[in-house]
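Understanding the architecture of this molecule
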Amino acid sequence: MKLIKLDAIDSTNDFLKALSSQDELYNFTVVTAENQTKGKGQMGSKWESESGKNLIMSALVKDFLYDYEQVFNLSLIVSLSVIEALKSLNIPDLSIKWPNDIMSYNKKIGGILIENTIKSDGRIVSVVGLGLNVNQTNFDELPNASSLAVISGHAFDKEILPALIIEKIQQKIESWESNTAIFWKEYFNTLFRKGVPMPFKNLNPEAGGQNFMGIIQGVSSVGKIQILLEDDSVSEFDIKEVQMLY
């Protein structure tokens with residue numbers, strides 16, 4: 001694992017994407033930053049992080065995805081790898097809020113943003129961005145967020161985390177073909193609020209932003225969430241189509 005450490009950057013994902021377009025970087029090259037001025041979350045949201053307190057990293061992953069229909073496989077691998085790494089640090093009650101937010105109890109402690117680029121020869125090169133709240137303790141303006149330090153009651157050495165997480169990702173990628181079904185089952189078993197009636201908001205403009213009750217049944221092979229509705233039908237939603245209300 002090649003590690004590039006930065007003090008401050010607008011976005012580690014953007015930095016690594018630019019670097020990978022100019023140079024033939026090693027697979028699993030990692031960029032970390034102490035401060036990120038334009039951190040990105042899913043659907044264009046901002047990722048807020050107190051300077052120097054948290055893990056901000058992006059990793060280059062190539063030679064795994066070859067078909068755009070398979071891109072969710074990497075999301076699944078990364079989220080499971082983060083969960084596994086945090087379990088080794090004794091972080092309690094971990095789950096994945098679809099598609100790949102990292103939760104402890106009902107608080108968000110991490111977010112993943114994967115950006116994929118199709119090269120001229122058809123290869124898919126991915127930049128995996130991860131923001132993980134480690135030692136930040138003030139979440140006054142983020143009531144649904146928490147950190148490893150708040151949950152565990154002590155500070156952590158965030159410098160050990162990139163290698164720990166990348167090692168898990170590499171292991172899962174190497175064993176993907178023989179363990180695909182096992183990883184998918186593990187992902188479903190780790191899903192936040194699966195099998196529990198809960199409210200959702202339909203983000204489709206045609207639905208007028210209506211709220212509805214449903215039960216998470218699973219996730220499709222392309223990463224759409226499958227929700228059992230009150231009329232006993234199951235509908236699939238993309239990330240831009242539904243919001244979980246909790």
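Our structure is the block above this text.
Residues numbered from 1 in each chain as written. Predicted model: local features only at pLDDT ≥ 70, side-chain atom pairs only at ≥ 80, totals over all residues. Heavy atoms only, no water.

Re the sheet that holds strand 1 (residues 3–9)
With respect to topology, 7 strands assemble into an open sheet ordered 1-2-3-7-6-5-4, the strand pairing being mixed. At either margin of the open sheet sits one strand with a lone partner, and together these are strand 1 and strand 4 (94–97). This sheet shows a mean twist of 20° between the axes of neighbouring strands, independent of strand direction. In the packing of helix 1 (residues 12–22) onto the sheet, the strands contacted are strand 1, strand 2 (30–36), strand 3 (55–61), strand 6 (107–118) and strand 7 (124–132), and the crossing angle to strand 3 comes to about 30°. (Pairing = 2+ DSSP bridges. Helix = DSSP H or I, 4+ residues; strand = E, 2+ residues; numbered from the N terminus. Axes fitted to C-alpha atoms, helices over the stretch in contact; angles between N-to-C directions. Contact = heavy atoms within 4.5 Å.)

Let's talk about the side chain of Q36
Mapping Q36 onto the fold places it in strand 2. One polar contact links the side chain of Q36 to the main-chain amide nitrogen of T12, over a distance of 2.9 Å. If near-sequence neighbours (up to four positions away) are discounted, Q36 is found in contact with I9, D10, S11, T12 and I56. (Polar contact = N/O pair within 3.5 Å; in protein donor to acceptor, adjacent residues only side chain to side chain.)

Examining the sheet that holds strand 10 (residues 225–229)
The strand order 11-10-9-8-12 describes an open sheet built from 5 strands, whose pairing is antiparallel. Because the sheet does not close on itself, it has two edges, and the strands there are strand 11 (234–237) and strand 12 (242–244). On average, each strand axis in the sheet is inclined to that of its neighbour by 50°, with strand direction left out of account.

A short note on helix 5 (residues 176–190)
Since there are 3.6 residues in each turn of an α-helix, residues three or four apart along the chain are aligned in direction. Spanning 15 residues, helix 5 covers only 18 Å between terminal C-alpha atoms, well under the ideal 21 Å at 1.5 Å per step. Maximum bend of helix 5: about 35°, positioned at I182. Turning to helix 5, its buried residues are W176, F183, W184, Y187 and T190. (Expected span 1.5 Å × (residues − 1). Bend = angle between axes of the 7 residues up to and from the residue. Buried < 20%, exposed > 50% of the residue type's maximum accessible area, 1.4 Å probe, protein only.)

The analysis is restricted to geometry; functional conclusions fall outside its scope.
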